[in-house]
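Structure assessment
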Amino acid sequence: MPRSADIAAQLDSVRRRITAAAQRASRSPSDITLIAVSKTFSADDVRAATSAGHLAFGENRVQEAEAKKALLEDLAIEWHLIGHLQSNKARKAVATFDWIQSVDRIDLLRRIEVAAREAGRRPRILIQADLAGEATKHGADRAALGDLVCAAAEAEDVDLRGLMIVPPYPDNPEDSRPWFRQLRGIRDELVAAGIPADRLGELSMGMSHDFDVAIEEGATIVRVGTAIFGHRDYAAEA
Ligand SMILES: *Cc1c(COP(=O)(O)O)cnc(C)c1O
């Protein structure tokens, strides 16, 4: 099968899994946004996915996204930053991405606000949580999350939309369920404590191996790479 037909077929199968999971949870599939994670894959692969009707893509690195975006300027793509962002790259991130899903600390939030004001843009952001306390993972821990969400909700130059999580990689997709459930519970607590519900409407959770479970637990955004584009070859990246 040609690469483009392969990507179209995989997208189709992911969409079917989304619909099935939504139905199991008595949710509408239209309430779930699929982000195709194109990190390490080429601009041609992204273009193939757009030909199959997909326009929202996720990238981990600012520079890689910048380069791909330059080759795809003719397309109305919505770009999501889903990887760790260094504060000194906030300006480039604001210029490149429509959504920044990985806001995990106050100094980064402040840098993004300044960059957004300067650029005359208002990026949509998610606050990334790390509930497992994994040393290797980025994200605000439970103690820091509330203050960060409050600060983001009050910031005029960014548009806070919700929370994001990357739980420990599961042996079994069911292992992710408690983390997803916990994130949704924290969202509900924050809303009960006074954060306007529309500022926390999005829950970005679930990847290729566990997005079905995430949808059952309330995900509104799922980030799927491997199941659409195949396995990543990090060695070929450099
Ligand atoms: C790479 C990545 C994904 C996609 O992972 P797959 O397992 O390939 O679907 C999702 N979210 C984040 C934050 C990632 O870095």
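Residues numbered from 1 in each chain as written. Predicted model: local features only at pLDDT ≥ 70, side-chain atom pairs only at ≥ 80, totals over all residues. Heavy atoms only, no water.

Per the stated rule, a full pass over the model turns up 25 salt bridges. Put simply, aspartate 212 and arginine 17 hold a salt bridge, and the shortest N to O gap is 2.7 Å. Here the residue aspartate 212 occupies a position in helix H8 (residues 211-216), and arginine 17 occupies one in helix H1 (residues 3-24), the gap between them amounting to 195 residues. Taking the relative accessible area as the measure of exposure, aspartate 212 reaches 17% and is therefore buried. Here arginine 187 and aspartate 188 are joined by a salt bridge, their closest N and O atoms 3.0 Å apart. When its relative accessible area of 42% is taken as the criterion, aspartate 188 is described as partly exposed. Overlapping salt bridges, with partners in common, bring together Arg24, Glu174, Arg177, Arg181, Arg184, Glu216 and Glu217 in one network. (Salt bridge = Lys/Arg side-chain N within 4 Å of Asp/Glu carboxyl O. Helix = DSSP H or I, 4+ residues; strand = E, 2+ residues; numbered from the N terminus. Buried < 20%, exposed > 50% of the residue type's maximum accessible area, 1.4 Å probe, protein only.)

Neighbouring the ligand are Val37, Lys39, Asn60, Ile82, Val166, Met207, Ser208, Arg223, Val224, Gly225, Thr226 and Arg232. In this structure, serine 208 approaches the ligand through a side-chain N or O atom, which is 2.5 Å from an oxygen atom. At 2.7 Å from an oxygen atom of the ligand is found a side-chain nitrogen or oxygen belonging to arginine 232. The protein chains hide 92% of the 390 Å² of surface that the ligand would expose on its own. (Near = heavy atom within 4 Å. Polar contact = N/O pair within 3.5 Å; in protein donor to acceptor, adjacent residues only side chain to side chain. Areas by Shrake-Rupley, 256 points an atom, 1.4 Å probe, with all protein chains shown as cover.)

Before going further, it helps to examine the packing of helix H6 (residues 142-154) against helix H7 (residues 177-192). Contact geometry for H6 and H7: axes closest at 11 Å, N-to-C directions at 45°. The orientation of H6 with respect to H7, classified from their angle, is oblique. Crossing of H6 over H7 shows right-handed handedness. Along the contact surface, H6 presents Arg142, Leu145, Gly146 and Val149, while H7 presents Ile186, Glu189 and Leu190. When grouped by side-chain class, the residues that make up the contact of H6 with H7 number four nonpolar, one polar and two charged. (Axes fitted to C-alpha atoms, helices over the stretch in contact; angles between N-to-C directions. Parallel < 35°, antiparallel > 145°, perpendicular 65-115°, else oblique. Left-handed = near helix turned anticlockwise from the far one by under 90°. Contact = heavy atoms within 4.5 Å. Nonpolar A, V, L, I, M, F, W, Y, C, P; charged D, E, K, R; others polar.)

Further remarks concern the packing of aromatic side chains. Each aromatic ring pair is described using two quantities: the centre-to-centre distance and the angle formed by the ring planes. Counted according to the given criterion, the structure contains two aromatic pairs. Here the aromatic rings of phenylalanine 41 and phenylalanine 229 are separated by 5.2 Å at their centres, their planes lie at 25°, and the arrangement is stacked. A residue pair is termed long-range when its members are at least 10 positions apart, and phenylalanine 41 in the loop between strand S1 (33-37) and helix H2 (43-51) and phenylalanine 229 in helix H9 (residues 226-229) qualify at 188 residues. The pair phenylalanine 41 / phenylalanine 229 is uniform in exposure class, with both members buried. (Phe/Tyr/Trp six-rings, centres within 6.5 Å; stacked < 30°, edge-to-face > 60°.)

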